[in-house]
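Examining the three-dimensional arrangement
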Amino acid sequence: MADPDLSSPLLPSQPSDPPHLILTIHDSLSHNNNRESRVNHNHQNSHRNNGNSSIISSTENPYEFMGSKGLEVCGSSTVDPFLNKTGRIEGLYEWLKLVVCLPVAAVRLVLFGVCLLIGFVATKVALYGWKDRQSPMPVWRSRIMWITRISARFILFSFGYHWIRRKGKPAPRETAPIVVSNHVSYIEPIFYFYELFPTIVAAESHDSIPFVGTIIRAMQVIYVNRFLPPSRKHAVNEIKRKASSDRFPRVLLFPEGTTTNGRILMSFQLGAFIPGYPIQPVIVRYPHVHFDQSWGNISLAKLMFRMFTQFHNFMEVEYLPVVSPLTNQKETAVHFAKRTSHALATGLNVIQTSHSYGDLMLLMKAIESKQEKPSNYMVEMAKVQSLFHISSLEAVDFLDKFLLMNPNPSGCVKFHDFLKVLRLKACTLSEEIFSFIDVEKSGTITFKQFLFGSAHVMKLPLFRQACELAFAECKSGANDYILEHELENLIRPAIPDLNADEVHELFNLFDSDSDGEISKDDFNTCLRKNPLLIALFIPCLLQKGLPETCDRILEEVV
């Protein structure tokens with residue numbers, strides 16, 4: 001009989017529908033009394049907190065009033081999808097090879113430059129006088145582009161790819177108008193340019209790259225700004241338009257959105273799958289022993305130099321069977337992408353993770369700030385975006401704030417450093433806030449816990465209403481702004497023994513434009529950047545008899 005450990009699936013099956021959100025509506029009066037009781041004890045408890053506590057034992061949830069049932073933070077992945085394992089030249093063999101290949105590298109560099117120049121001139125000729133770039137490239141111009149394509153093959157030769165092993169064949173364009181591939185290096189776009197001459201989808205920044213920008217324009221590139229929804233929507237429409245017409249070349253996409261080390265497959269963006277056309281997945285491998293050719297955490301110049309100083313670089317390309325959208329049922333783009341990514345991951349024999357381009361942004365920010373273990377700051381952004389609907393740019397902003405908290409070499413932050421950046425002082429409420437994030441009750445928090453905690457609070461059903469109610473309660477009369485003494489009066493119930501300097505520090509945090517008053521935009525912006533601080537206003541809102549309003553809103557949400 002088969003061993004169940006071997007026959008059972010590695011990953012549990014996922015439910016087709018997300019779990020329902022269940023919120024408990026607490027009795028307003030009893031909840032108000034409990035909170036008021038803790039507020040009254042703030043002053044007598046705060047003098048026992050010196051700001052250097054190693055373990056925070058508070059178990060109260062300061063955000064329960066807004067519908068929070070507590071914070072859950074999934075374990076961090078130990079996989080680094082961007083790690084180049086041979087970034088440094090190490091070992092006697094590598095140094096001897098470097099010395100021997102230096103003259104060869106000089107010849108290869110000259111060959112690379114000459115081929116790039118020839119391809120650039122041929123492309124300029126092919127593009128000269130062509131104004132209707134929205135229509136397919138005329139045949140005679142495409143024939144001129146063959147000069148650039150042959151130049152691209154010689155460029156691959158100069159990088160040490162003297163021969164390239166292929167398995168399978170490209171499907172006819174009418175069968176699979178869209179091609180997707182894993183993305184390991186800058187070599188794949190050069191290869192596909194030579195092999196298929198497709199239309200590619202690329203970041204807008206690529207257009208400004210010398211020589212390269214001109215060449216990809218001849219491929220009728222579809223530019224996209226991944227951070228702007230209108231740009232992404234336009235790109236999807238262009239993919240659909242060009243894939244639907246046989247007069248255009250097939251469309252090539254790297255759905256991971258960035259390069260990896262080839263040992264995992266990251267989450268797929270959906271641009272290739274929304275149009276609903278058959279897709280041919282293609283696998284690219286770089287077998288190696290001494291030199292990892294992936295463009296991970298290594299500079300482009302260094303990677304090119306290492307390629308020039310190799311005897312030969314191995315590359316394998318495998319064309320997989322076409323994956324078509326299901327015809328017997330309506331299939332979502334998400335499910336179509338999962339089936340295609342599974343085919344690629346199976347062919348590569350690698351695991352799939354929820355990392356995305358956002359993780360690369362976090363990694364680069366951590367490297368830029370000289371963190372000892374920058375990979376600790378990756379959070380599998382695709383999963384975070386799915387859970388909390390926050391963007392990669394927002395996650396980077398939270399990382400900026402977390403790095404101000406002086407994380408230790410392991411990437412953990414202590415209680416007193418957490419308070420310093422959020423302009424709080426040690427008290428019962430600040431302990432509750434910290435303990436809410438410190439799900440492991442270790443006395444320190446990681447960036448992932450800080451991000452999950454902040455995003456969790458922002459996603460709570462009553463977060464936006466609580467911000468509006470707090471601002472309305474704080475400002476006086478018909479004024480549309482808050483003065484410093486008004487802010488002080490509102491947060492006193494939460495932290496009774498604040499001194500004038502501490503109040504001023506908090507006021508400056510909210511007064512982003514430093515004009516001496518907090519507008520509604522200032523107030524909401526500050527709480528969106530520091531959502532944990534909404535807990536400062538909950539005691540006052542409860543004391544003012546506003547729980548009934550919030551309970552009614554919460555009932556409507558449920």
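The rules we used
Residues numbered from 1 in each chain as written. Predicted model: local features only at pLDDT ≥ 70, side-chain atom pairs only at ≥ 80, totals over all residues. Heavy atoms only, no water. Helix = DSSP H or I, 4+ residues; strand = E, 2+ residues; numbered from the N terminus. Buried < 20%, exposed > 50% of the residue type's maximum accessible area, 1.4 Å probe, protein only. Contact = heavy atoms within 4.5 Å. Areas by Shrake-Rupley, 256 points an atom, 1.4 Å probe, with all protein chains shown as cover. Pairing = 2+ DSSP bridges. Axes fitted to C-alpha atoms, helices over the stretch in contact; angles between N-to-C directions. Parallel < 35°, antiparallel > 145°, perpendicular 65-115°, else oblique. Left-handed = near helix turned anticlockwise from the far one by under 90°. Nonpolar A, V, L, I, M, F, W, Y, C, P; charged D, E, K, R; others polar. Core = buried A, V, L, I, M, F, W, Y, C linked by side-chain atoms within 4.5 Å. Phe/Tyr/Trp six-rings, centres within 6.5 Å; stacked < 30°, edge-to-face > 60°. Lys NZ or Arg CZ within 6 Å of the ring centre and 35° of its normal.

The next point concerns the overall build of the protein. A tally of regular secondary structure across the protein gives 22 helices and 13 strands. When the 558 residues of the protein are sorted by exposure, 51% land in the buried category. Here the analysis covers contacts within the protein between residues at least 6 apart in sequence; of these, 74% occur between residues at least 24 apart. Counting only carbon and sulfur atoms, one obtains 57% of the accessible surface of the protein, whose full area is about 27300 Å².

The next subject is the sheet that holds strand β8 (residues 316-319). What the 7 strands build is an open sheet, ordered β1-β8-β7-β2-β5-β3-β4; its pairing is mixed. A single partner strand is all that each edge strand has here, and the edge strands are β1 (165-167) and β4 (222-224). For this sheet the average axis-to-axis angle between neighbouring strands, irrespective of direction, equals 25°. Bridge count between β1 and β8: 3 bridges; the pairing is parallel.

For any two helices packed against each other, one specifies the crossing angle of their axes together with the interaxial distance. Direction vectors running N to C along helix α17 (residues 463-474) and helix α20 (residues 520-529) enclose 140°, while the axes themselves pass 10 Å from each other. The pairing of α17 with α20 is recorded here as oblique in orientation. As α17 runs across α20, the sense of the crossing is right-handed. Where α17 approaches α20, its residues Phe 463, Cys 467, Ala 470 and Phe 471 are matched on the opposing element by Lys 520, Phe 523, Asn 524 and Leu 527. Along the lines of polarity and charge, the residues of the contact of α17 with α20 split into 6 nonpolar, 1 polar and 1 charged.

Take the nonpolar core next. Counting 75 residues, the largest nonpolar core has Tyr 63, Met 66, Phe 418, Phe 447, Phe 450, Ile 534 and Phe 537 as the members making the most contacts within it. Ranked by residue count, the leading element in this core is helix α16 (residues 447-459), at 7 residues. Contact partners of Met 66, with chain neighbours within four places excluded, come to Val 457, Leu 460, Pro 461, Leu 462, Phe 463, Ala 466, Ile 534 and Ile 538. Membership of the second largest hydrophobic core comes to 47 residues, among which are Leu 116, Met 145, Tyr 161 and Ile 187.

A complete count under the given rule lists 27 aromatic pairs for this structure. Measuring from centroid to centroid gives 5.0 Å for Phe 159 and Phe 308, while their planes differ by 15°, and the two rings are stacked. Taken together, the positions of Phe 159 in the loop between α5 (139-158) and β1 and Phe 308 in helix α9 (residues 300-308) put the pair 149 residues apart, joining distant regions of the chain. For Phe 159, a relative accessible area of 1% corresponds to the buried category. Taking the centre distance of 5.9 Å and the plane angle of 40° together, the rings of Phe 402 and Phe 450 count as tilted. Here the residue Phe 402 occupies a position in helix α13 (residues 392-403), and Phe 450 occupies one in helix α16, the gap between them amounting to 48 residues. Positioned over the ring face of Trp 146 is Arg 149, at 3.9 Å from the centre of the ring.

Here we come to the pairing of strand β2 (residues 178-181). Burial along β2 is two-sided: Ile 178 and Val 180 and Val 179 and Ser 181, pointing in opposite directions, are all buried. Here 3 bridges tie β2 to strand β5 (residues 251-253), and the two strands are oriented parallel to one another. Following the sheet pairing, Ile 178 is matched in β5 by Val 251. Relative to strand β7 (residues 279-285), β2 runs parallel, the two sharing 4 bridges. Looking at the pairing, Val 179 lines up with Gln 280 of β7.

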